[in-house]
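Each chain, written out:
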Amino acid sequence: MNTSQIQELQNIFGKEEVLTEPEDLLVYGYDASPVEITPEVVVFAKTTEHVSELLKFAYREEIPVTPRGQGSGLSGGSIPHKSGIVLSMDKMNKILHIDPENRLITVEAGLTTSEIDPAIAKFNLFYPPDPGSVSFSSIGGNVAENAGGLRGLKYGVTKNYVKEMKVVLPQGNIVTIGSKCVKHVAGFNMESVFVGAEGLLGVVTEITLALMPIPAHRESALAIFTTLRDAAQCVSDIIAAGVTPSTLEFIDNKAINAIQDFKDCGLPRDAEAVLIIECDGEEHSAKAEMAKVEKMTEKNKVRKFKIAQSAGERDNLFEGRRVCLNALASVRPNLILEDATVLRSQLPEIVAGVSQLAEKYKLDIGLFGHAGDGNMHPTFLYDAKDADETARVHEAVKELFQLAIDLGGTISGEHGIGLEKKPFLADQIGNEGIALLQAVKKTLDPKNLLNPGKMFDMPQDTVQAA
Amino acid sequence: MHIQKNIQEQARQHLAEATKEFDKCMKCGKCRNVCPVFKELGNEIFSARGKNKLAEKLVAGDIEITARVKQAINECLNCKTCAANCPAGVKPEEVVLRMRWYITTKEGLHWFKALLFRQLLWRKWPITLGAKMVGLAQRSFFGIGPNNPVRHLFPLFGFSKRRFFPEMALKTGQSLYPEVIPAKGKKKMRVGYFTGCAGNLIYTNVVTSVVEILTACGYEVVIPKKQRCNGTPVLANGDYEGARRLMQFNYDLFQSYDLDAIVVACSSCGLALKKEIKQFVEGSPELEAFTGKVYDIHEFIENNITFEEGDLGKLPYKVSYHDPCHLVRGQGVREQPRNILKRIPGVEFHEMKDAAVCCGSAGSYCITHYDTAIKIDNHKVKNIQDAHVDYVATGCPTCIMHIQDNLKQHESPEKMRYVVEMLADSLRAGGKIK
Ligand SMILES: Cc1cc2nc3c(=O)[nH]c(=O)nc-3n(C[C@H](O)[C@H](O)[C@H](O)COP(=O)(O)OP(=O)(O)OC[C@H]3O[C@@H](n4cnc5c(N)ncnc54)[C@H](O)[C@@H]3O)c2cc1C
Ligand code: SF4
Ligand code: SF4
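Rules used throughout
- Throughout, a residue's number is its position along its own chain's written sequence, starting from 1.
- Ligands are numbered from 1 and chains lettered from A, in the order in which they are written.
- For a predicted model such as this one, the threshold for reporting local features is a pLDDT of at least 70, and the threshold for listing and counting side-chain atom pairs is 80 or more; totals across whole chains, interfaces and linings nevertheless cover every residue.
- In computing side-chain values, all of the structure's heavy atoms are included and hydrogens and water are not.
- Any two residues having at least one pair of non-hydrogen atoms within 4.5 Å are treated as being in contact.
- Here's the idea: put two parts together, see how much 1.4 Å probe accessible area each one loses, and the total over both is what we call buried area.
- Salt bridge, as used here, is a side-chain nitrogen of Lys or Arg placed within 4 Å of a carboxyl oxygen of Asp or Glu.
- Between N or O atoms, a polar contact is any pair within 3.5 Å; within protein, one atom must be a potential hydrogen donor and the other a potential acceptor, and residues adjacent in sequence are included only when both atoms are from side chains.
- The numbering of helices and of strands both runs from the N terminus, where a helix is a DSSP run of H or I of at least 4 residues and a strand a run of E of at least 2.
- A pair of strands is considered paired only if DSSP assigns at least 2 bridges between the two.
- Each axis is a line fitted through C-alpha atoms, and for a helix only the stretch in contact is used; angles between axes span 0 to 180 degrees, taken between their N-to-C directions.
- Here a residue counts as near a molecule or strand whenever at least one of its heavy atoms sits within 4 Å of it.
- Working rule for angles: under 35 degrees goes down as roughly parallel, over 145 as roughly antiparallel, 65 to 115 as roughly perpendicular, anything else as oblique.
- We call a crossing left-handed when the near helix sits turned anticlockwise from the far one by less than a right angle, and right-handed when that turn is clockwise.
- In this classification, Asp, Glu, Lys and Arg are treated as charged, Ala, Val, Leu, Ile, Met, Phe, Trp, Tyr, Cys and Pro as nonpolar, and every other residue, Gly included, as polar.
- Burial status follows relative accessibility: with a 1.4 Å probe on protein chains alone, a residue under 20% of its type maximum counts as buried, one over 50% as exposed, and anything between as partly exposed.
- Put simply, buried Ala, Val, Leu, Ile, Met, Phe, Trp, Tyr and Cys residues joined by side-chain atoms within 4.5 Å make one nonpolar core.
- The domain limits used here are those given by an automatic or database domain assignment.

Regarding the interface of chain A and chain B
Counting from both sides, the interface comprises 27 residues of chain A and, opposite them, 23 residues of chain B. Regarding the contact of chain A and chain B, the summed buried area is about 2100 Å², with carbon and sulfur atoms giving 51% of it. When the buried surface of chain A facing chain B is broken down by residue, E23, Y30 and F136 of chain A rank first, second and third, together holding 28% of it. Taken together, the links from chain A to chain B amount to five salt bridges. Between D23 of chain B and K385 of chain A there is a salt bridge; the shortest N-O distance is 3.8 Å. There are 16 residue pairs in polar contact (both at pLDDT 80 or more) connecting chain A and chain B. Broken down by secondary-structure element, the contributors of at least two residues to the side of chain A that touches chain B are α2 (22–26) and α12 (324–329) of chain A. The leading source of residues in the side of chain A that touches chain B is α2 of chain A, at three residues.

Observations concerning the sheet that holds strand β8 (residues 162–168) of chain A
All names here are of chain A. Read from one edge to the other, the open sheet built from five strands follows the order β5-β6-β10-β8-β9, with strand pairing classed as antiparallel. Here the strands that pair on one side only, and so sit at the sheet edges, are β5 (95–99) and β9 (174–178). When strand polarity is set aside, the average angle formed by the axes of neighbouring strands in this sheet is 10°. Pairing between β8 and β9: five bridges, direction antiparallel. Bridge pairing in β9 places E164 opposite G178.

Observations concerning the site of ligand 1
The environment of ligand 1 is made up of 36 residues, and the closest members are P67, G69, S72, S133 and S138 of chain A. Near ligand 1, the surrounding residues belong to chains A and B. One of the backbone N or O atoms of G132 of chain A is found 2.8 Å from an oxygen atom in ligand 1. E198 of chain A places a polar main-chain atom, nitrogen or oxygen, 3.1 Å from an oxygen atom of ligand 1.

What to know about the sheet that holds strand β15 (residues 304–307) of chain A
Residues and elements named next belong to chain A. Reading across the sheet, the seven strands line up as β15-β12-β14-β13-β17-β18-β16 and stay open at both edges, with antiparallel pairing between neighbours. Across the chains shown, the open sheet's two edge strands, defined by having one partner strand only, are β15 and β16 (334–337). Each strand of the sheet is rotated relative to its neighbour by a mean of 15°, with strand direction disregarded. Relative to strand β14 (residues 273–281), strand β13 (residues 247–252) runs antiparallel, the two sharing six bridges. In the strand pairing of β14, F250 is matched with L275. Of the strands in this sheet, β12 (217–225), β13 and β14 touch helix α8 (residues 228–240), which is tilted by about 170° from β13.

A closer look at the packing of helix α10 (residues 204–216) of chain B against helix α21 (residues 419–430) of chain B
Residues and elements named next belong to chain B. Remark: α10 packs on α21, axes separated minimally by 9 Å, with the N-to-C direction vectors making an angle of 50°. Our classification of the angle between α10 and α21 gives oblique. Relative to α21, α10 is oriented so that their crossing is left-handed. Taken together, the residues of α21 that come into contact with α10 (itself represented by N205, V206, S209, V210, E212 and I213) are V420, E421, L423, A424, L427 and R428. In the contact of α10 with α21, the residues fall into seven nonpolar, two polar and three charged.

Digging into the site of ligand 2
Looking at ligand 2, there are 14 residues lining it, with C25, M26, C28, C31 and C86 of chain B nearest. Grouping the constituent residues of the shell around ligand 2 by class yields nine nonpolar, two polar and three charged.

Some points on the pattern of salt bridges
On inspection of all chains with the given rule, the structure shows 56 salt bridges over all chains. Between E220 of chain B and K187 of chain B there is a salt bridge whose closest N-O contact spans 3.6 Å. Placement of E220 of chain B in strand β3 (residues 219–222) and of K187 of chain B in the loop between β1 (180–181) and β2 (189–194) is noted, with a sequence separation of 33 residues between them. D386 of chain B serves as the salt-bridge partner of K382 of chain B, at 2.7 Å between the closest nitrogen and oxygen. With K382 of chain B and D386 of chain B both in helix α19 (residues 370–387), this residue pair falls four residues apart, about one helical turn. Residue K382 of chain B is classed as partly exposed on the basis of its relative accessible area, which comes to 46%. Here the salt bridges share partners, and the residues they tie into one network are E36 of chain A together with K53, E56, K57 and D62 of chain B.

Some remarks on the nonpolar core
Ranked by internal contacts, the top residues of the largest apolar core, which has 64 residues, are Y193, V210, L214 and I301 of chain B. The element contributing the most residues to this core is α10 of chain B, with seven residues. Apart from the residues lying within four places of it in its own chain, the contact partners of V210 of chain B are Y193, V263, A265, I297 and V420 of chain B. If you look at the next biggest cluster of nonpolar residues, it comprises 57 residues, including L228, L347, L367 and M458 of chain A.

A few points about the domain arrangement of chain A
All names here are of chain A. Taken domain by domain, chain A holds domain 1 (98–213) and domain 2 (217–406). In this structure, domain 1 and domain 2 have C-alpha centres spaced 28 Å apart. Facing the seven residues of domain 1 at the interface are 14 residues of domain 2. Of the roughly 820 Å² buried between domain 1 and domain 2 on both sides combined, carbon and sulfur atoms contribute 59%. Sorting the residues of domain 1 by area buried against domain 2 places L150, L153 and K154 first, and these three jointly supply 79% of that buried surface. The tally of links between domain 1 and domain 2 comes to one salt bridge. When the residues that make up the side of domain 1 that touches domain 2 are grouped by side-chain class, the tally is three nonpolar, two polar and two charged.

This is how it looks when you write it as structure tokens:
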């Protein structure tokens with residue numbers, strides 16, 4: 001970029017909010033995925049109008065722009081693939097309006113998601129989606145990736161809570177999509193297109209989210225199993241029995257031992273798998289649900305079923321799950337965390353498939369995840385300095401994706417496609433599917449300037465590459 | 001004896017140690033929002049993740065030691081909040097220190113710092129004399145209201161004009177007592193006391209409190225008169241060699257006394273003698289035995305002393321506690337000081353919000369980066385005001401200095417004190433300390 005372009009950016013944002021020093025740029029070229037590309041400029045928006053002016057400028061000058069939340073993404077979504085400008089949303093981080101009567105909150109997109117709950121607790125409300133990164137990711141990033149969390153199976157994921165959004169389209173027009181009303185059918189259901197768009201179709205600047213009343217009671221339990229299959233089958237059976245726990249998490253033996261090595265959370269080292277289960281609601285109904293859960297665990301030869309007797313016991317239980325990824329990270333130098341997702345009835349198949357992959361490729365794979373919504377996190381533990389092992393990991397990951405697709409599942413349940421899974425998307429949605437995405441992108445962003453190179457390539461890029 | 005490594009070898013080793021840390025980093029960003037500096041400055045380069053990346057690029061030779069790199073590396077409080085939150089067990093503050101050491105090994109130490117760390121601190125008497133002179137000056141002409149013209153001189157010494165300073169002592173803490181102070185009654189143990197510079201030169205009350213509490217409870221106290229700075233400010237400013245020399249000196253000095261335990265009433269000095277010293281003094285079973293008998297004063301009191309009914313007199317105050325970083329995260333000392341306060345009759349203890357969040361003082365950081373340090377401290381002041389207390393007790397002199405300064409800026413009436421000062425007051429009121 002030339003000096004007059006930088007000058008123009010400084011006019012829009014103010015001098016302080018435009019970074020051009022090479023050292024500053026370096027630290028806006030990564031996220032939690034392995035890729036890294038340095039941008040030419042970083043800008044901090046403080047208003048929707050800033051974003052609009054930026055995108056108009058970028059369109060005129062034909063410079064790529066990549067929106068960035070807090071850079072916790074696991075698929076490389078915020079990496080400036082074609083360099084250009086990184087648009088940081090960090091400084092649009094205000095809570096704009098709380099509307100307890102309608103159970104709504106309106107926030108700026110850069111707000112850290114975990115700041116929502118403390119602000120609404122006094123109204124006995126909470127915001128259910130709770131990704132593991134809730135305290136180090138932005139609500140805008142959550143919307144762009146349609147983030148899920150531990151409570152997904154009962155409460156759904158980010159998309160179920162987005163009511164209305166202010167979006168700046170790739171050429172700079174500002175639109176408001178969706179509605180604060182519980183029901184609305186005026187126009188296309190555009191929220192669904194923009195949630196999970198990974199910053200390709202527009203920059204989200206304000207979001208109105210639906211909130212839920214805090215459940216009166218939580219009943220939590222630990223179920224210990226001697227075989228992986230029993231644990232997986234138990235999850236399928238719980239769902240089939242018509243129970244919807246708020247949390248239903250799975251942890252396998254490798255992950256259990258990693259956790260216990262990391263921090264004593266009271267998990268049995270010799271168990272093949274455990275389930276952490278929580279039912280919430282009115283006390284009697286939560287207890288009744290838990291009783292049904294217990295029956296299903298018995299049916300699947302549970303070794304031990306233990307209901308937490310105090311808040312302290314419950315916290316200890318969840319602590320194990322919370323530190324799981326951390327614990328696995330300390331086993332080997334590197335890890336790849338996947339999020340392939342299947343129908344819940346297919347859980348035993350994917351669990352068995354992961355064991356076979358570990359055996360076939362002689363790899364350490366820890367398995368844990370949101371079993372209740374079919375979203376497992378096979379975690380490949382390896383040493384990137386070992387070329388042979390790394391190659392085997394990549395082969396195994398490819399095979400895992402194919403397995404998920406063959407079982408009627410998806411290659412990504414919550415981390416998104418970005419750069420990491422771009423090569424595999426066509427395997428799942430086919431060339432026609434890719435063509436539809438390209439058509440939508442082209443309509444809104446004909447010059448392919450907003451977060452280009454993510455999720456899929458545009459036809460002209462494919463030709464160039466070939 | 002420690003064999004002095006040559007400079008090149010030292011530089012190489014700093015890089016190797018830093019690499020061990022940032023190699024574990026998954027770049028998840030969990031250390032970002034918790035970093036007090038990042039929270040105020042809002043630029044990723046000041047976050048722990050960003051500093052890890054800079055270090056990585058520096059080691060790879062992709063970037064040079066530029067002014068911006070140095071600025072980023074200097075924007076760190078060594079508060080260890082990042083490390084406490086890191087899922088991968090990375091210690092980003094360790095990376096920062098290694099980089100500072102690496103940079104000074106490469107570029108040499110600024111002449112003023114070299115003079116201060118290698119000559120003045122080493123010789124000790126110039127610092128003691130200087131402090132007394134400042135003490136005299138403070139008493140004679142700065143009644144130091146906010147409008148005193150003397151304030152215009154502050155920037156010459158690198159201080160903000162607005163700053164409120166504690167008074168330097170006219171008689172040092174160490175000179176108030178003989179080297180060995182006998183126990184009252186039957187002797188239980190012989191305890192060495194590392195006073196730290198702040199205890200010796202500024203807050204001499206902490207020295208009297210520690211000595212009086214321990215001797216009244218049956219401990220003989222030894223204050224080795226030759227003790228010098230433990231090296232904390234030296235190592236924070238990148239002078240590895242200067243810090244090594246001071247650590248080795250104090251180690252040899254305290255080893256030459258026959259001591260059952262060594263107590264420290266300053267959070268950073270305690271951390272240095274307990275843990276950091278291991279990087280500087282050649283490892284040996286003697287070193288292990290030495291670090292194993294160093295105790296933070298609150299830890300020592302809670303482990304060893306039970307007060308009898310009536311020992312403790314009433315102190316009718318509302319009190320809160322601020323966790324110094326180098327006690328809570330550095331040494332894992334969290335409950336002991338609170339328990340001491342709660343034990344004092346009449347004390348109404350109120351836990352303040354975010355008691356363990358850094359106040360921004362961080363030794364010399366609040367001198368070199370006053371504006372940011374005050375912004376960080378403003379959250380602390382707000383939480384103190386919301387706690388509605390008379391006193392905030394703590395265990396770190398720089399926290400006391402910094403928070404007290406900012407409370408005054410806010411015209412807020414709360415007073416900062418050492419926990420042991422309050423305990424000594426209570427023992428005096430109870431008649432245990434005569
Ligand atoms: C340890 C760890 C645990 C995690 N746990 C979970 C989990 O449980 N569930 C889950 O779903 N994810 C999880 N993630 C992934 C990640 O945190 C989420 O994808 C999160 O939503 C990313 O938010 P961010 O603010 O960091 O966005 P970034 O990583 O900065 O960006 C992500 C994408 O969003 C786009 N974007 C950001 N802001 C905007 C905006 N305002 N408008 C338009 N586009 C925008 C970017 O261009 C990019 O494509 C985890 C990550 C880590 C490191
Ligand atoms: S929390 Fe740890 S692993 Fe994550 S970015 Fe910070 S230093 Fe790296
Ligand atoms: S030690 Fe404190 S100031 Fe330094 S990077 Fe870590 S959190 Fe930030």
